[in-house]
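Fold and geometry: a report
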Amino acid sequence: MEIGRTTNTQINFSPLLTANKKSSTLKGRNTINGAIQAVLQNTGLTFQKTDVGISIVEKKQSTITLGPVKVGGLVNAHEAAIGPGVGYVATYTDAGTKTDTPITQIPNSVYVITKQQILDQQAQTVAEVLRYMPGVYAEQMGTASIGSAAGGNANGTGSIMMRGFASTQYVDGLMSRSLVAGETAFVERVEALNGPASVLYGQVGPGGLIATQLKQPGETPIRNVSVGFGNWGRYEATFDVGDKITKSGNLKYRIAGIGVTQGSQTDYLHYKRVGVLPSIKWDIDEKTSLTLIGQYLYAPSEAQGSGYPGVGTLVPGKYGYLPRSRFLGDPSINEDGQRTASFEYQFSHKFNKFIEFQQTFRYEDSSTNINDTYLFGSLLSDQTIKRRAWRQDTSSATVALDSRFVGHLKTGGVKQTLVAGMDFRRINIAQNIAYDMNGAGYVNIWDPAYYLVYPDYSLNSPDNIEWDNLKQTQYQSGVYFQDQIKWGRLSVLLGGRQDWYNYKGTVTTADNFEAAGHGVITEPYVDDREKSSRSKFTWRAGFTYNFDFGLTPYFSYATSFIPQTGAFQYGGQAAKPLNGKQFEAGLKYLVPNTDILLTAAAYDIKENHYQITDTEHPGYEADAGTVTSKGVELSAHANVTKDIRLTASYSFNETRATKSNNQVTVRDIYGTNLGTISEQGKYIAGLPRNMVNMFVDYTLPRQIFHGLGVNFGIRYIGSTYANNANSYKVPDYLLFDVGAHYDFENASPMLKGLRAQLAISNLANTRYVTSCSAGVAGGTCYYGQAQRIYGNISYSW
C-alpha cells in the first residue's frame with residue numbers, strides 16, 4: 001500500500017489483522033479517505049482515525065488504538081519511538097539511544113509499558129504501572145509512597161528499585177521530580193532502561209532509569225472525558241482533547257486534565273490532586289518543528305504513611321496484628337502537600353538528509369510542605385512507642401537543557417547514526433527542617449489517642465529541638481557522543497560521556513541540646529571534594545546480531561557515575577561518589593509475522609561506595625563498600641491475537657555487599673541486641689530475589705458477548721531481608737488482580753465511544769508487608785495496598 005507514502009499519512013494496522021487479505025486496485029484521483037476505502041473493498045476491513053494517524057480495523061467491531069507500524073516498507077519511526085505502542089507491544093524506543101531505534105538493535109534491556117496496558121490495568125500512578133515491569137521493584141515502601149512519582153533520586157533515596165539500585169526519573173529525556181509524570185492521565189508510555197545509562201543521561205544509577213513520555217499533539221483529533229470511582233471514597237474526572245488549530249494542520253494543540261480525591265486504607269490519610277497539561281505543536285515547515293508543553297499539578301494531600309513497628313505487622317503483637325487502617329500519627333499535625341509547575345519545549349530541525357538538530361529545555365519549579373510525626377524507639381511493655389515531630393518546607397527550581405546533533409551516514413554497506421550533544425542542569429534548593437524530639441509524646445499502638453500533639457519547633461521549647469536550613473545550588477554538565485553502526489544484520493553501539501558536577505550554598509544549624517537557645521550557626525556549604533570526585537568519564541559498548549528468523553543475541557558493557565550530594569557518614573565525612581559497571585548478555589526474539597516480543601537478559605553489576613542507611617546512627621549514610629548485583633530477566637509482550645494481549649516476566653536478582661569493612665549489629669524483630677558481625681557477604685536489605693508476574697486481557701467472542709472483555713493478573717514478590725545483618729526476613733507474597741471492560745458500541749452504534757471498566761487489585765485482600773527497615777528503633781515496616789476497587793466510564797468522540 002502506497003497511500004501512506006504518497007500522502008505522508010501515518011497508517012497503522014496489525015499484521016495479524018491483514019494476513020491473507022488482498023487489497024483492491026486503486027485508479028484515478030481520490031481523497032485520502034476515498035482511496036483507503038476503495039483499497040479495503042471486499043477485505044472485511046475498514047478504517048478509523050486515531051490520535052496517531054489512521055488505523056485499519058475490522059468492520060463493525062471495536063478494537064484497541066494501534067500505534068505506528070510498518071506500512072508499504074516505511075515506518076514513522078519517531079511516532080513509534082515516543083507513541084503509545086501497539087496493544088502491549090512497542091518495538092521502537094527513543095529513550096534507549098536518544099534516536100528512533102528498534103529495540104532489537106539496542107544491546108541492553110529496554111522494556112516498555114504501552115498506553116493500552118496502562119488503560120487495561122487501570123493503573124492510577126506510574127508506581128502502579130511498574131508492577132508488571134521486569135527487574136523493577138516499584139512498591140518497596142508500600143502505601144507509604146502512594147503519592148510518589150516514578151522514581152526518586154539517583155543517590156539512593158528513591159523507593160523504586162531497579163536491579164537492586166535506586167531508580168532515577170526522566171521525563172521527555174530530562175531528569176525530573178515532577179508529580180505530573182507520576183499521573184497516568186498525563187503519560188503516553190513508560191519505559192524502563194535497565195542497567196547503566198550514564199553515557200546519555202549523566203547521573204543515573206547502575207540499575208537504570210524510568211523514562212516517561214508526556215502526552216502531546218498528534219496527527220488526528222482526540223476527544224475523551226472520563227469519570228472514575230472507587231473504594232476509600234475515590235472520585236476522579238479526566239479530560240484529554242486535541243485537534244488542529246489551523247486548517248492545514250501545521251499548528252495543533254492538546255490539553256489533558258485531572259481532578260481526584262480519595263481516602264486511603266489508613267485512617268486520616270487522604271489523597272487529593274488537580275492538574276493540567278496543555279501543549280502546542282507547530283510544524284514550522286517540513287524540516288522544522290516546535291512543541292511547547294506546560295505542566296501544573298497541585299496536591300494538597302499526598303497520603304504519605306510513616307510505617308508501623310515490626311511487632312504487630314511481621315509477627316503478632318499483644319493483640320494480634322495491627323489493622324491496615326491504624327493511624328499512629330496525629331491528625332492535628334498531618335500535613336503533606338506538594339505543588340509543581342513547569343514549562344518545556346522540544347525543538348527539531350533537519351538541515352538535510354544527513355544531519356539534524358534536536359533540543360529539549362525545561363524549567364521546573366516545585367515545593368513541598370510537611371508537618372508530621374514519625375516513630376522512634378522500640379515498642380515498650382505498656383504497648384506504647386515514642387514519636388517525634390518534624391516539619392519540612394522545601395522548594396526547588398530546576399533549569400535543564402539537552403542539545404544534540406544527529407547525523408546519518410552511509411559508506412558502502414555500513415550505515416551510521418551519530419549523536420553528539422551536551423546537557424546542563426542547575427537546581428536551586430531551599431530546605432528548612434525542624435525536629436521536636438520529645439513534643440509528640442508516646443502512642444499506644446492498640447488504642448491511639450489523637451489531637452494531643454502540639455510540637456514547638458522554637459529554640460525556647462522545653463524539648464530538644466534541632467534545625468537544619470539549607471540553601472544550595474547544584475550544577476551538572478556533560479558532553480556525550482554515540483555511534484550506532486549497522487552493517488548488514490550486525491549493529492554495534494559505542495558511546496562515551498564526560499560529566500562535571502559541583503554545588504555551593506549555605507547551611508544553618510541550631511539546637512538546644514546543650515542549652516536552650518545556645519546559638520545559630522551559619523556556614524558555607526561548598527563542594528570541597530577532590531576534583532576526581534566531581535567529574536568522571538563513562539562509556540558503553542555493545543553489539544546485536546539480527547537473524548532473519550527474528551532472533552537477536554546481544555552483549556554490552558557500560559559504566560555509571562553518581563556524585564553524592566547531601567549524603568554524609570557519621571563523623572561528618574562526605575559520601576564518596578558511586579561508580580558502577582555492568583556486563584549484560586541476552587536474547588531478543590521478535591517472532592516473525594506476529595506482534596510478540598520475547599526477551600532474556602543476564603547481567604552482572606558492581607558498584608563501589610554503595611550507600612545504605614546507617615542503622616546505628618539514624619540520619620546518616622553508611623558506605624557498604626562494593627556491592628554486586630547479579631540477575632536474570634525474562635519477559636514477554638504479546639498481542640497473541642487481535643483480542644488477546646499478554647505481558648509476563650520473571651526476575652531474579654541477588655544483591656550483596658561483596659567487599660565491606662563495616663560491622664553491623666544483629667538485632668531481632670523485638671530490637672534485642674545479639675552482637676555484631678561483618679557486613680561482607682550479606683544481602684542488601686529490602687530487595688526480593690525472585691519476582692514473577694503476568695497480566696492477560698481477553699475480549700470475549702463478540703458474536704456472543706458483544707464487546708465484553710476480561711483481564712487477570714498475578715504478582716509474586718519473594719522474601720526480603722529486613723536489616724543489613726540479615727537476621728530476619730519479610731515474607732514473600734502473592735497477589736491477584738482482575739478486571740472487566742465493555743464497549744457499548746457493540747450494543748448500539750449510537751453508543752460508539754462509550755466504554756465502562758472495572759479493575760480490582762489484590763482481589764483476595766491479602767495482608768502483606770512490602771519491606772522493613774531495622775535499626776536502633778527495632779524496625780519500621782510498611783503495609784502493602786489492600787483490596788482496591790476502581791471503576792471508570794469514558795467517552796470518546
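Quantities reported herein were computed from a predicted structural model and do not represent experimental measurements. (Residues numbered from 1 in each chain as written. Predicted model: local features only at pLDDT ≥ 70, side-chain atom pairs only at ≥ 80, totals over all residues. Heavy atoms only, no water.)

1. Digging into the sheet that holds strand S45 (residues 780-783)
Read from one edge of the open sheet, three strands run S19-S45-S44, paired in antiparallel fashion. At either margin of the open sheet sits one strand with a lone partner, and together these are strand S19 (308-309) and strand S44 (769-773). The pairing of S44 with S45 spans four bridges and is antiparallel. Residue pairing across strands places Cys772 opposite Cys781, the latter belonging to S45. (Pairing = 2+ DSSP bridges. Helix = DSSP H or I, 4+ residues; strand = E, 2+ residues; numbered from the N terminus.)

2. Focus: the pairing of strand S23 (residues 414-436)
Relative to S23, strand S22 (residues 384-411) is paired through 23 bridges, and the arrangement is antiparallel. Note that in S23 the partner of Asp402 across the bridge is Asp423. Across 23 bridges, the pairing between S23 and strand S25 (residues 465-487) is antiparallel. Bridging across to S25, Val414 finds its partner in Trp487.

3. Let's talk about the pattern of salt bridges
Opposite charge on two side chains allows them to pair when their charged atoms are near. A complete count under the given rule lists 30 salt bridges for this structure. Lys606 is the partner of Asp604 in a salt bridge, and the nearest nitrogen-oxygen pair spans 3.6 Å. Among the residues examined, Lys606 registers a relative accessible area of 34% and is labelled partly exposed. Between Glu654 and Arg656 there is a salt bridge; the shortest N-O distance is 3.4 Å. Among the residues examined, Arg656 registers a relative accessible area of 26% and is labelled partly exposed. (Salt bridge = Lys/Arg side-chain N within 4 Å of Asp/Glu carboxyl O. Buried < 20%, exposed > 50% of the residue type's maximum accessible area, 1.4 Å probe, protein only.)

4. Overview of the state of the cysteines
By the definition in use, this model includes one disulfide. Between the sulfur atoms of Cys772 and its disulfide mate Cys781 the distance is 2.1 Å. Since a negative S-S torsion denotes a left-handed disulfide, the Cys772-Cys781 link at about 110° is right-handed. Considered together, Cys772 and Cys781 belong to a single accessibility category, that of buried residues. (Disulfide = S-S within 2.5 Å.)

5. What about the side chain of Gln122?
Mapped onto the secondary structure, Gln122 falls in the loop between helix H5 (115-121) and helix H6 (126-129). Under the relative-accessibility criterion, Gln122 is labelled buried at 7%. There is a polar contact of 3.0 Å between the side chain of Gln122 and the backbone oxygen of Leu119. (Polar contact = N/O pair within 3.5 Å; in protein donor to acceptor, adjacent residues only side chain to side chain.)

6. Observations regarding the packing of aromatic side chains
Counted according to the given criterion, the structure contains 21 aromatic pairs. A ring pair is formed by Phe357 and Phe405, whose centres lie 5.0 Å apart and whose planes are at 50°; its orientation type is tilted. Taken together, the residues span a long stretch of sequence, with Phe357 in strand S21 (residues 355-375) and Phe405 in strand S22 at a distance of 48 residues. An angle of 15° between the planes, with centres 5.6 Å apart, marks the rings of Tyr683 and Tyr721 as stacked. Of this pair, Tyr683 sits in the loop between strand S37 (673-678) and strand S38 (690-699) while Tyr721 sits in strand S40 (residues 720-721), and the two are 38 residues apart along the sequence. By the burial criterion, Tyr683 is buried, and Tyr721 matches it. (Phe/Tyr/Trp six-rings, centres within 6.5 Å; stacked < 30°, edge-to-face > 60°.)

7. Examining the nonpolar core
Counting residues in each nonpolar core, the largest one holds 18 residues, and the members touching the most others are Leu130, Met133, Val136 and Val190. Broken down by secondary-structure element, the contributors of at least two residues to this core are strand S6 (109-113), H6 and strand S12 (187-194). The dominant element in this core, judged by the number of residues it contributes, is S12, at three residues. If we skip the residues at most four places from it in the chain, Met133 touches Tyr111, Ile113, Val190, Glu191, Ala192, Ser649 and Asn693. Judged by nonpolar contacts, the second largest core, of 17 residues, contains Tyr308, Ile445, Val730 and Cys781. (Core = buried A, V, L, I, M, F, W, Y, C linked by side-chain atoms within 4.5 Å. Contact = heavy atoms within 4.5 Å.)

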